[in-house]
Amino acid sequence: MKKSALVTGILGQDGPYLAKLLLEKDYKVYGLIRRYSNPTFSNLEYLGIQDQIEYVDGDMTDEASLINVIKSIRPEEVYNLAAQSFVGASWQQAKLTTEVNALGVLSLLNAIKFFSPTAKFYQASTSEMFGLSNDDGYQDENTPFHPRSPYGVAKVYAYWMTVNFRESYNMFAANGILFNHESPLRGIEFVTRKITDGIAKIKLGLAEDIHLGNLDPKRDWGFAGDYVEAMYLMLQQDDPDDYVVATGETHSVRDFVEAAFKAAGIEDYKQYVKIDPRYQRPAEVPHLRGRLDKVTKKLGWKPKVTFEELVKIMVDADIQRYKKKSM
Ligand code: NAP
Ligand code: G4F
């Protein structure tokens, strides 16, 4: 019998990479999708796996739909990747962000507790929970949380609810505290993809500049394809636990801009970048850098793709995409 896994957020960035990994390991993969007037399967198509997933209908804000899904498929593993994941939008849509990212997780945990209590549960927690936390230059599993956005606040709730279900009901519930991870499948509004997409347009004469907010914040950026392996490994352990997943390196947004223009063969980037206050946030997370000792020691996980390789992969993919479109 094949092992079965339910992946929420299957149409996003991480969902397709994780689904591909699980399919390679011979899992039966169910993907949760919500009603949408015009859903896009383009990320699954990009990886060539759109026909290998069994799609199930549900929405994180509709508890009954989650109960129906869990009751009907009783998956052995549940990866909860669904979220309103764009930090910038979370000030405008704080309540929606809370309903999906916090209360939605409670609903899913309850559905599992009642209808598939032995299922192993993965919660997509985030370095945004650290926010403004005091640290020694790194954040790890013991760093206190100080979220800076409604997104971060909602994720802290979901983190603790996951811990609480583990401690209260003896469920296998694990948090992956993932630092920023990117890829050619990254949503276009996130800064890395906005930069690489913008550079591709500039390179091919389709745009003149890129409008960005604050270039000073530092992030620990890795490759999404590496990070889904850590998610999988967390659920293969005998005991549930929480893990930071990161590269241990940090770079500013400015560094990313510079490296991406360089990867596209454009040396003098400054003339193409316009600072636009519309993209600055009411409260910023200035510095993220994860310490990956625990995930390396306990799970044997390490990132494979370097910062420079990641930038190049993304720039090349966007240039190819626009070249294909124009053919
Ligand atoms: P993403 O590309 O934004 O994907 C999120 C997915 O969630 C989308 O497929 C979206 O569906 C789905 N979703 C949103 N609201 C929903 C709802 N009400 N019901 C059901 N599904 C809903 O995010 P990602 O980058 O893959 O990240 C995956 C998870 O990891 C998220 O929870 C994110 O917060 C977390 N995380 C990400 C990073 C990172 O750097 N990428 C780091 C740490 C944690 P639609 O396609 O229908 O919109
Ligand atoms: O790419 P971002 O929007 O990602 P952010 O806010 O770090 O959040 C991402 O990573 C989190 C993990 O730490 C995830 F939990 C979350 O779901 C998401 O995947 O912004 C990165 C930085 C910020 O400091 C932002 O202020 O880039 C800065 N920035 C500067 N100009 C910009 C822009 N961000 C965006 N999106 N657009 C800009 O024009």
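Residues numbered from 1 in each chain as written. Chains lettered and ligands numbered in written order. Predicted model: local features only at pLDDT ≥ 70, side-chain atom pairs only at ≥ 80, totals over all residues. Heavy atoms only, no water.

(A) Layout of the site of ligand 1. What surrounds ligand 1 is a group of 23 residues, the closest being D14, R34, D59, S85 and Y151. Here G12 contributes a backbone N or O atom positioned 3.1 Å from an oxygen atom of ligand 1. If ligand 1 stood free it would expose 890 Å²; the protein chains cover 88% of that surface. Elements with a minimum of two residues in the shell around ligand 1: β5 (120-126) and α5 (150-169). For the shell around ligand 1, the element with the most residues is β5, which contributes three residues. (Near = heavy atom within 4 Å. Polar contact = N/O pair within 3.5 Å; in protein donor to acceptor, adjacent residues only side chain to side chain. Areas by Shrake-Rupley, 256 points an atom, 1.4 Å probe, with all protein chains shown as cover. Helix = DSSP H or I, 4+ residues; strand = E, 2+ residues; numbered from the N terminus.)

(B) Here's a closer look at the pattern of salt bridges. Counted by the stated rule, this structure contains 20 salt bridges. K2 serves as the salt-bridge partner of D26, at 3.3 Å between the closest nitrogen and oxygen. Here D26 is found in the loop between α1 (14-24) and β2 (28-33), whereas its partner K2 is found in the segment before β1 (4-8), with 24 residues between them in sequence. D26 sits in the partly exposed class, given a relative accessible area of 45%. Among the residues examined, K2 registers a relative accessible area of 46% and is labelled partly exposed. Across the pair K304 and E229 runs a salt bridge whose closest N-O atoms are separated by 3.0 Å. Of the two residues, K304 is situated in the loop between α9 (293-299) and α10 (307-325) and E229 in helix α7 (residues 224-234); the sequence distance between them amounts to 75 residues. According to the relative accessible area criterion, E229 is partly exposed, its value standing at 25%. (Salt bridge = Lys/Arg side-chain N within 4 Å of Asp/Glu carboxyl O. Buried < 20%, exposed > 50% of the residue type's maximum accessible area, 1.4 Å probe, protein only.)

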